Amino acid sequence: MDDDPEPGAAATSRSRARMAAGLLVLAAVAVAGALVGGFGHYVLLDRPVLLGTLAASLVVVSGALAFGGGPRAPVVALVMIWATAGLVGLVTGMRVHARIPGPDGSGLEVRVLSDDWIVPDWRLVVRRNDGLLTREWPLTDRFTTEHEDGLPRVTWLDPAHVHLDDRGRLGGQTVALDPRSGRPLKPGRPGGG
């Protein structure tokens, strides 16, 4: 009678290797999604901290499957990864402060984003609402002001033009947009002539 456990162990090892490879593929997909979101300005995928954390977690679990060992090390690693990502997201996360809808039927809006960290960091973006394919384009560089009254006033002239008025301090600016996507045709800065 042969009690050789090798056939069962080999099958388990192959199964774990396949699962580990599948998790590595998912990690690569998460990284690719973050790159597409960042470079393509797709709001759904423009989440580098979240998708990077997901990819790192998948790599850790894949390594635990491939190399065996107890569950303690991967669990500790996952807790550390997600706690760090949560802290980074809390510190660097931009929140919507205000929405300025575009002309009726355009599907465009300007969003005023802030991070409220020590001295607030502000950013203006143009968003084209298209469901899962929603895109967001920077309208201005980030700028810092302690008070809301330091923000430029945003006025839509038409779907292809938005005016930024810094209340006469440096002169306003009109930014031309692609009316289909909302992408600024010429990057603007508040007060930059």
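What counts as what
- All chains use their own residue numbering, which begins from 1 and follows the written sequence.
- With pLDDT at 70 or above as the cut-off, local features in this predicted model cover only qualifying residues; side-chain atom pairs require 80 or more to be listed or tallied, and sums for whole chains, interfaces and linings still use all residues.
- Hydrogens and waters are ignored; side-chain quantities use all the structure's heavy atoms.
- What makes a patch is a set of residues exposed beyond 30% relative accessible area and free of salt bridges, joined within 9 Å when like-charged and within 5 Å when nonpolar (Val, Leu, Ile, Met, Phe, Trp, Tyr).
- Throughout, the Shrake-Rupley method with a 1.4 Å probe supplies accessible areas, and for residues the shown protein chains are the sole cover considered.
- Here, a salt bridge means any Lys or Arg side-chain nitrogen found within 4 Å of an Asp or Glu carboxyl oxygen.
- Only DSSP runs of H or I reaching four residues or more are called helices, and only runs of E reaching two or more are called strands; each is numbered from the N terminus.
- Buried means the residue's accessible area, taken with a 1.4 Å probe over protein chains only, is under 20% of the maximum for its type, while exposed means over 50%, and partly exposed covers the values in between.
- Here, nonpolar core refers to any group of buried Ala, Val, Leu, Ile, Met, Phe, Trp, Tyr and Cys residues whose side-chain atoms link them within 4.5 Å.
- By definition, residues are in contact when any of their heavy atoms lie within 4.5 Å.
- Here the rule is simple: two strands pair whenever DSSP picks up at least two bridges between them.
- Between N-to-C directions, angles cover 0 to 180 degrees, with each direction set by a line fitted to C-alpha atoms, over the stretch in contact for helices.
- What a helix is expected to span follows from its residue count: subtract one and scale by 1.5 Å.

Peer 1: Give me a nonpolar patch on the surface: which residues, what numbers.
Peer 2: Nonpolar side chains collect at one region of the surface, where Val36, Leu44, Leu45, Leu132 and Leu133 lie side by side and expose about 480 Å² of accessible area between them. Relative to the elements of secondary structure, Leu132 occurs in the loop between strand 3 (121-128) and strand 4 (135-138). Taking relative accessible area as the criterion, Leu132 reaches 65% and is therefore assigned exposed.

Peer 1: Explain the nonpolar core to me, using residue names and the numbers behind them.
Peer 2: Counting residues in hydrophobic clusters, the biggest one holds 15 residues, and the most contacted among them are Val110, Val126, Leu139, Val154, Trp156, Val162 and Leu177. For this core, the elements supplying multiple residues, two or more each, are strand 2 (108-114), strand 3, strand 6 (153-158) and strand 7 (161-165). The residues contacting Val162, other than those within four sequence positions of it, are Val110, Leu139, Val154, Thr155, Trp156, Gln173, Thr174, Val175 and Leu177. If you look at the next biggest cluster of nonpolar residues, it comprises 7 residues, including Ala20, Ala30, Ala55 and Leu58.

Peer 1: Describe the sheet that holds strand 8 (residues 173-176), with residues and values.
Peer 2: With antiparallel pairing, 3 strands are arranged side by side in an open sheet as 6-7-8. With one partner strand each, in any of the chains shown, strand 6 and strand 8 form the two edges of the open sheet. Going from strand to strand, the sheet's axes swing by 25° on average, the running direction of each strand aside. Pairing geometry for strand 7 and strand 8, over 4 bridges, is antiparallel. Bridged to Leu164 within strand 8 is Gln173.

Peer 1: Got a sec to walk through the pairing of strand 6? Specific residues and values, please.
Peer 2: Across 5 bridges, strand 6 lies against strand 7 in antiparallel orientation. By the bridge assignment, Arg153 is partnered in strand 7 with Asp165. Between strand 6 and strand 7, which pair antiparallel one after the other, the connecting turn spans 2 residues.

Peer 1: Tell me what's going on with the pairing of strand 2, and back it up with residues and numbers.
Peer 2: Along strand 2, 7 of the 7 residues are buried, which leaves the element largely enclosed by surrounding structure. Residues Leu108, Val110, Val112 and Ser114 point to one face of strand 2 and Glu109, Arg111 and Leu113 to the other, with burial holding for every one of them. Where strand 1 (residues 95-101) folds back onto strand 2 in an antiparallel hairpin, the turn is made up of 6 residues, including Gly105, whose phi is positive at roughly 80°.

Peer 1: Break down helix 2 (residues 48-67) for me, citing the residues and quoting the values.
Peer 2: Helix length check: helix 2 (20 residues) gives 28 Å between terminal C-alpha atoms against 28 Å at 1.5 Å per residue, within 8%. Within helix 2, burial applies to Leu51, Thr53, Ala55, Ser57, Leu58, Ser62, Ala64 and Leu65. Following helix 2 by one or two positions, Gly68 adopts a phi angle in the positive range, close to 70°.

Peer 1: Now, about the pattern of salt bridges: what can you tell me, with residues and values included?
Peer 2: Taken as a whole and judged by the stated rule, the model has 5 salt bridges. The salt bridge involving Glu109 is made with Arg99; its shortest N-O contact spans 4.0 Å. Of this pair, Glu109 sits in strand 2 while Arg99 sits in strand 1; the two residues are 10 residues apart in sequence, bridging distant segments of the chain. For Glu109, a relative accessible area of 10% gives the class buried. Between Asp178 and Arg180 there is a salt bridge, and its shortest N-O distance comes to 3.8 Å. Looking at Asp178, the relative accessible area reads 14%, which means it is buried. Linked by salt bridges that have partners in common, Arg99, Glu109 and Arg111 make up one network.

Peer 1: Give me the environment of Gly131: which residues, what numbers.
Peer 2: Inspection of the secondary structure assignment puts Gly131 in the loop between strand 3 and strand 4. Using a relative accessible area of 61% as the deciding quantity, one classes Gly131 as exposed. Sequence spacing of Gly131 and Leu44 is 87 residues, and the spatial spacing of their C-alpha atoms is 9.0 Å.

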